[in-house]
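Given next are the chains, with one letter for each unit.
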Amino acid sequence: MVGVSTRPAVTMAQRKRQLVTDELTEAALQLMAREGFDAVTVDAIAAAAGVSKRTFFRYFASKEDVVVQFLADMGTGMRAELAARPAAEPPSEALRHAVWVAMAACADGVEHSGRALRVVQLILRTPALRARFLEHQAQWRDDLAAETAHRLGLDPETDLSPRLAAGAALAAFDTVLRRWSDSGGVEDPAALTDRAFAFLAPALDAAGPPGVSR
């Protein structure tokens, strides 16, 4: 008997949107690799992808977003994973799993990881893209701090621990991402993530699990 999938069906409109998004991203990456970020215009990206400039702006607000949006949803995945971790799990373990979800999204599959590596390298080497990516991370920090505070029964507005923990986790993410990028995707992101959190664990776990006094 064939099981019935519980995954939501992908509509034709969603497929089309993803296809155009992928085409714009790939066109932007190829142009920027050849000509440099500053030299590439929205008009050039749209033309290379075979769409109009108006269509481009239905999908992206700027040429920076074409690149950064490829990684921008990582924050949602990290918070969702953190919220799903067992309540009694130490903060370092829960946050390690949350960060690994983001790193796994980069390294998942040869074709996907190849594109992700090009995106990460472009972001880290281009000041305008790096600044935009850091803007996204600022929101991630707030989200992770709120979720950490909820897990530990703390007030994120008055207790330092949640924001410090979120900041440390994102510092680990940023460090691992850069190391993976610098290695050309050769270094194992899972091993790098484990090493980073082994170093951070004593500080992250200082708050203690829920129900344990600090």
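Quantities reported herein were computed from a predicted structural model and do not represent experimental measurements.

Each helix and strand counted, the chain has 10 helices and 0 strands in total. Reading the helices (α) and strands (β) of the chain from amino to carboxyl end gives α-α-α-α-α-α-α-α-α-α. Across the 214 residues of the chain, 44% fall into the buried class. Long-range contacts, defined as pairs at least 24 residues apart, comprise 67% of the intrachain contacts of the chain with a sequence gap of at least 6.

Attention shifts here to helix α4 (residues 63–72). The buried fraction of α4 is high, at 8 of 10 residues. Every buried residue of α4 is accounted for by Lys63, Glu64, Asp65, Val66, Val67, Val68, Leu71 and Ala72.

Let us now look at the environment of valine 176. By secondary structure assignment, the location of valine 176 is in helix α9 (residues 160–182). Taking the C-alpha atoms as reference points, valine 176 and tryptophan 100, 76 residues apart in sequence, are found 10.0 Å from one another. Sequence-distant contacts of valine 176, defined by excluding residues within four places in its chain, comprise Met103, Pro189, Leu192, Thr193 and Ala196.

Next up on the list: the pattern of salt bridges. Scanning the model with the defined rule gives 14 salt bridges in all. In this structure, the salt-bridge partner of arginine 96 is glutamate 93, at a minimum N-O distance of 2.6 Å. One end of the pair, arginine 96, and the other, glutamate 93, are both in helix α6 (residues 91–107), 3 residues apart, so they sit about a helical turn from each other. Glutamate 93 gets classed as partly exposed once you look at its relative accessible area, which sits at 27%. A salt bridge links arginine 96 to aspartate 194, with the shortest nitrogen-to-oxygen separation between them at 3.0 Å. Here arginine 96 is found in helix α6, whereas its partner aspartate 194 is found in helix α10 (residues 189–204), with 98 residues between them in sequence. Where salt bridges share partners, they join Asp65, Arg132 and Glu135 into one cluster.

With that settled, the discussion passes to the nonpolar core. With 57 residues, the main nonpolar core has Phe173 and Trp180 as its most contacted residues. The residues contacting tryptophan 180, other than those within four sequence positions of it, are Met103, Cys106, Ala107, Ser113, Ala116, Leu117, Val120, Gly185, Glu187, Pro189 and Leu192.

Contact pair helix α8 (residues 127–152) / α9: the axes reach a minimum separation of 8 Å and the direction vectors enclose 140 degrees. Here α8 is positioned oblique relative to α9, judged by the angle of their axes. Note on packing geometry: the crossing formed by α8 with α9 is right-handed. The segment α8 lies against α9, with Arg130, Phe133, Gln137, Trp140, Arg141, Asp142, Leu144, Ala145, Thr148 and Ala149 engaging Pro162, Arg163, Ala165, Ala166, Gly167, Leu170, Phe173, Asp174, Leu177 and Arg178. Residue composition of the contact of α8 with α9, grouped by class: 11 nonpolar, 3 polar and 6 charged.

All right, on to the packing of aromatic side chains then. The description of an aromatic ring pair rests on the distance of the ring centres and on the angle between the ring planes. Taken as a whole and judged by the stated rule, the model has 4 aromatic pairs. Summarising the aromatic geometry, the rings of phenylalanine 56 and phenylalanine 60 are spaced 6.0 Å apart at their centres and angled 45 degrees between planes, so their arrangement reads as tilted. A single burial state applies to phenylalanine 56 and to phenylalanine 60, both of which are buried. Each member of the aromatic cluster is reached from another via a ring pair, and the members are Phe56, Phe57 and Phe60. Here the guanidinium or amino end of lysine 63 rests over the ring plane of phenylalanine 37, the centre of that ring lying 4.3 Å away.

Moving on: the packing of helix α1 (residues 12–35) against helix α2 (residues 42–49). Packed helices, taken two at a time, are described by their axes: the angle between them and the distance between them. In the contact formed by α1 and α2, the axes pass within 8 Å of each other and the chain directions differ by 120 degrees. Between α1 and α2, the angle is such that the two are oblique. Handedness of the α1/α2 crossing: right-handed. Touching Glu23, Leu24, Ala27, Ala28, Leu31 and Met32 of α1 are Ala44, Ile45, Ala46, Ala48 and Ala49, all from α2. A breakdown of the residues in the contact of α1 with α2 according to their chemical character gives 10 nonpolar, no polar and 1 charged.

What counts and what doesn't
Residues numbered from 1 in each chain as written. Predicted model: local features only at pLDDT ≥ 70, side-chain atom pairs only at ≥ 80, totals over all residues. Heavy atoms only, no water. Helix = DSSP H or I, 4+ residues; strand = E, 2+ residues; numbered from the N terminus. Buried < 20%, exposed > 50% of the residue type's maximum accessible area, 1.4 Å probe, protein only. Contact = heavy atoms within 4.5 Å. Salt bridge = Lys/Arg side-chain N within 4 Å of Asp/Glu carboxyl O. Core = buried A, V, L, I, M, F, W, Y, C linked by side-chain atoms within 4.5 Å. Axes fitted to C-alpha atoms, helices over the stretch in contact; angles between N-to-C directions. Parallel < 35°, antiparallel > 145°, perpendicular 65-115°, else oblique. Left-handed = near helix turned anticlockwise from the far one by under 90°. Nonpolar A, V, L, I, M, F, W, Y, C, P; charged D, E, K, R; others polar. Phe/Tyr/Trp six-rings, centres within 6.5 Å; stacked < 30°, edge-to-face > 60°. Lys NZ or Arg CZ within 6 Å of the ring centre and 35° of its normal.

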